[in-house]
Amino acid sequence: MSNDITKDAAYDAVAPDDFPAMMDVDRYGRRSTAFDKIISATHDHFWDPLDKKYIDYNQPFDLDTTPIMPLDQVLELHTPIADRLTEQQKIQFANDTTRWSLSSILHGEAGALALSASLCHILKDPGAQEYAANQTREEARHVTGFSKYIETRWGKPYPVGPTLGNLLTEMVLAPEVYKKIVGMQMLVEGLAMGAFASLYTHSNDPLLRHLCQLVMTDEAFHHKFGKIWADRTVPHLNEEERNRIEDWAATCFQTLLFNLGSPEQKKHIYAKYGLDWQEVQEIILKTRTDDDRRRAMSSSTNIFRVLIKTLLKGGIITERTRAFYAVYVDMEELKGEGDEMVGDAIAEKGIEYLKAVNFGQKVGNYVAAE
Ligand SMILES: [Fe+2]
Ligand SMILES: [Fe+2]
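Definitions and cut-offs
Residues numbered from 1 in each chain as written. Chains lettered and ligands numbered in written order. Predicted model: local features only at pLDDT ≥ 70, side-chain atom pairs only at ≥ 80, totals over all residues. Heavy atoms only, no water. Helix = DSSP H or I, 4+ residues; strand = E, 2+ residues; numbered from the N terminus. Rg over C-alpha atoms; globule rule 2.2 N^0.38 Å. Buried < 20%, exposed > 50% of the residue type's maximum accessible area, 1.4 Å probe, protein only. Areas by Shrake-Rupley, 256 points an atom, 1.4 Å probe, with all protein chains shown as cover. Lys, Arg positive; Asp, Glu negative; His and termini not counted. Charge placed at Lys NZ, Arg CZ, Asp CG, Glu CD. Donors = N, O, S within 2.8 Å, 3.2 Å for Na, K, Ca; no water. Tetrahedral: all angles 85-135°; square planar, octahedral: opposite > 155°, others 65-115°. Patch = residues over 30% accessible without salt bridge, like charges linked within 9 Å, V, L, I, M, F, W, Y side chains within 5 Å. Salt bridge = Lys/Arg side-chain N within 4 Å of Asp/Glu carboxyl O. Arc of directions from axis to C-beta. Contact = heavy atoms within 4.5 Å. Phe/Tyr/Trp six-rings, centres within 6.5 Å; stacked < 30°, edge-to-face > 60°. Lys NZ or Arg CZ within 6 Å of the ring centre and 35° of its normal. Axes fitted to C-alpha atoms, helices over the stretch in contact; angles between N-to-C directions. Parallel < 35°, antiparallel > 145°, perpendicular 65-115°, else oblique. Nonpolar A, V, L, I, M, F, W, Y, C, P; charged D, E, K, R; others polar. Left-handed = near helix turned anticlockwise from the far one by under 90°.

1. A word on the overall build of the protein chain
No. 1: For the protein chain, the count of helices and strands is 14 helices and 0 strands.
No. 2: Secondary structure elements of the protein chain occur, N-terminal to C-terminal, as α-α-α-α-α-α-α-α-α-α-α-α-α-α.
No. 3: The globule rule puts the C-alpha radius of gyration for 370 residues at 21 Å, and the 21 Å found for the protein chain is close to it.
No. 4: Seen through its C-alpha atoms, the protein chain measures out along the principal axes to roughly 70 × 50 × 40 Å.
No. 5: Buried residues in the protein chain amount to 54% of all 370 residues.
No. 6: Within the structure as shown, the protein chain displays about 16,400 Å² of accessible surface, and the carbon and sulfur contribution to it stands at 52%.
No. 7: When the 41 basic and 55 acidic side-chain charges of the protein chain are each reduced to a single mean position, those positions are 2 Å apart.

This is the structure:
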């Protein structure tokens, strides 16, 4: 039995080093049409991070006096740790935290680029392969876009946290189709949509808001690729396969939660403010009860809530792991919600804006990120 766990011919795969299988003459004619719409749509939302017509990085921002993300968005500042920082330090700490998050996003984009490229090596369906090549191209401009933003504001990104670094490496190198698609297309892409929606909604920096909206015009489609896979795969799984997928999803979820939530991963930032990460961890745990966590998670742009919803709607959460996720969100409430993905509305407006730039279509006085 194949380890790929694919149930639909559109996701049939070969080993990463089996290029000869790609030259099988019958393969070329076996192209599914499942992804054609997504592939064609790429021209509507074309953008170039190096062209001022789309985005101008020469917009100044005073990091010493203004937090890129409002202080109330910074977890640590909701705890007694805030009393140890001056007003100036709070702003600096908030901006350092944003630099950390955006660096994680940049490393995630690098992972998405390498992962989509790796799908080109294993997917046999020429349509699925073209989809993956197209996603690779879009991820490449995200890497350029976030690199430029970080360079403009801070010079250099922070190194990847060990947890996220290991997870991304595992996904990129995994030969199994399900690991790549559940890990990257459903979870990391879902997390990214949630993170971009929250940056877009709350940020004080118009440049960052605009960049996030442009990136979201692409990401909304990437997330759909994962959803199509789940729709065509999950209903046909046997119990053992379903368990394997469910466990892998829970492992990835836990790792992502840990990367973003664990003070250990960003201990170098705390050290700059004379804070010890272990003490920070204790204070956060003491201050935040499960109830607080659930309340924070109930916000619709909360990134982990978005992830759980993706898995739940994809049929990847059963009674086996339900209790694990129920610590974070109200599962019944989530189940009753529509399929609309967080950020879809922002992405749609962004696409309208890009159509206007690309084809001169009239969109009134619409501005993508005012
Ligand atoms: Fe991306
Ligand atoms: Fe993506």
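Next comes the rest of the description.
2. What to know about the coordination of the iron ion (ligand 1)
No. 1: Around the iron ion (ligand 1), the protein supplies Glu109 (OE), Glu139 (OE), His142 (ND1) and Glu219 (OE) as donor atoms, at distances of 1.9 to 2.2 Å.
No. 2: Around the iron ion (ligand 1), the 4 donor atoms sit at angles spanning 89 to 142 degrees, and that spread fits a shape best called irregular.
No. 3: Binding-site remark: the iron ion (ligand 1) is held by donors from one chain whose sequence spacing is E-x29-E-x2-H-x76-E.
No. 4: A gap of 3.2 Å separates the iron ion (ligand 1) and the iron ion (ligand 2), which Glu139 links by coordinating each metal. Separated by 30 residues along the polypeptide, Glu109 in helix H2 (residues 87–122) and Glu139 in helix H3 (residues 126–153) bring together distant segments of the chain. Side by side, Glu109 and Glu139 carry an identical accessibility label, which is buried.

3. With respect to a nonpolar patch on the surface
No. 1: Together, Phe19, Met23 and Tyr28 make up an exposed nonpolar region whose accessible area comes to about 350 Å².
No. 2: Mapping Met23 onto the fold places it in the segment before helix H1 (36–41).

4. A few points about the coordination of the iron ion (ligand 2)
No. 1: Coordination of the iron ion (ligand 2) by the protein involves Glu139 (OE), Glu189 (OE), Glu189 (OE), Glu219 (OE) and His222 (ND1), with metal-donor separations of 1.9 to 2.3 Å.
No. 2: Read from N- to C-terminus, the donor residues coordinating the iron ion (ligand 2) fall into the pattern E-x49-E-x29-E-x2-H.

5. What about the pattern of salt bridges?
No. 1: The final tally for this structure, using the stated rule, is 18 salt bridges.
No. 2: Notably, a salt bridge pairs Arg141 with Asp218, separated by 3.0 Å at the nearest N-O pair. Residue Arg141 is found in helix H3, and its partner Asp218 is found in helix H6 (residues 206–233); the two are separated by 77 residues along the sequence.
No. 3: Looking at Arg141, the relative accessible area reads 3%, which means it is buried.
No. 4: Among the ionic pairs, Lys179 bridges to Glu170, the shortest N-O distance being 3.7 Å.
No. 5: One network of salt bridges, in which partners are shared, links Arg31, Asp36 and Glu130.

6. Points about helix H9 (residues 277–287)
No. 1: Of the residues making up H9, those classed as buried are Trp277, Val280, Ile283 and Ile284. An end-on view of H9 places all buried positions within 120 degrees of arc, on one side of the element. Exposed residues on H9 whose side chains face more than 90 degrees from its buried face are Glu282, Leu285 and Lys286.
No. 2: Of the surrounding secondary structure, the elements contacted by the buried residues of H9 are helix H8 (267–272).

7. A few points about the packing of aromatic side chains
No. 1: Within the structure shown, the criterion is met by 13 aromatic pairs.
No. 2: Measuring from ring centre to ring centre gives 4.9 Å for Phe324 and Tyr325, while their planes differ by 65 degrees; the resulting arrangement is edge-to-face.
No. 3: Overall, the relative accessible area of 23% leaves Phe324 in the partly exposed class.
No. 4: Here a set of aromatic residues connected by ring pairs shows up, and it is made of Tyr11, Phe35, Tyr131 and Phe225.
No. 5: Taking the ring centre of Tyr57 as reference, the NZ or CZ of Lys148 above it sits at 5.5 Å.

8. Some thoughts on the packing of H2 against helix H4 (residues 162–173)
No. 1: Here H2 crosses H4 at 10 degrees, and the two axes come no closer than 9 Å. The angle between H2 and H4 places the two elements in the roughly parallel class. Contact with H2, carried on its side by Ser104, His107, Gly108, Gly111, Ala114, Leu115 and Ser118, involves Leu164, Leu168, Met171 and Val172 of H4 and no other residues of that element.
No. 2: When its residues are assigned to classes, the contact of H2 with H4 shows 6 nonpolar, 5 polar and no charged.

9. Thoughts on the packing of helix H7 (residues 239–261) against helix H12 (residues 319–326)
No. 1: Orientation of H7 relative to H12, taken along the N-to-C sense of each, is 15 degrees, at an axis distance of 10 Å. In this view, H7 runs roughly parallel relative to H12, as classed from their interaxial angle. In the packing of H7 onto H12, the handedness of the crossing is left-handed. Contacts between H7 and H12 pair Asn243, Glu246, Asp247, Ala249, Ala250, Phe253 and Gln254 from the former with Arg320, Thr321, Phe324 and Tyr325 from the latter.
No. 2: Of the residues contributing to the contact of H7 with H12, the split by class is 5 nonpolar, 3 polar and 3 charged.

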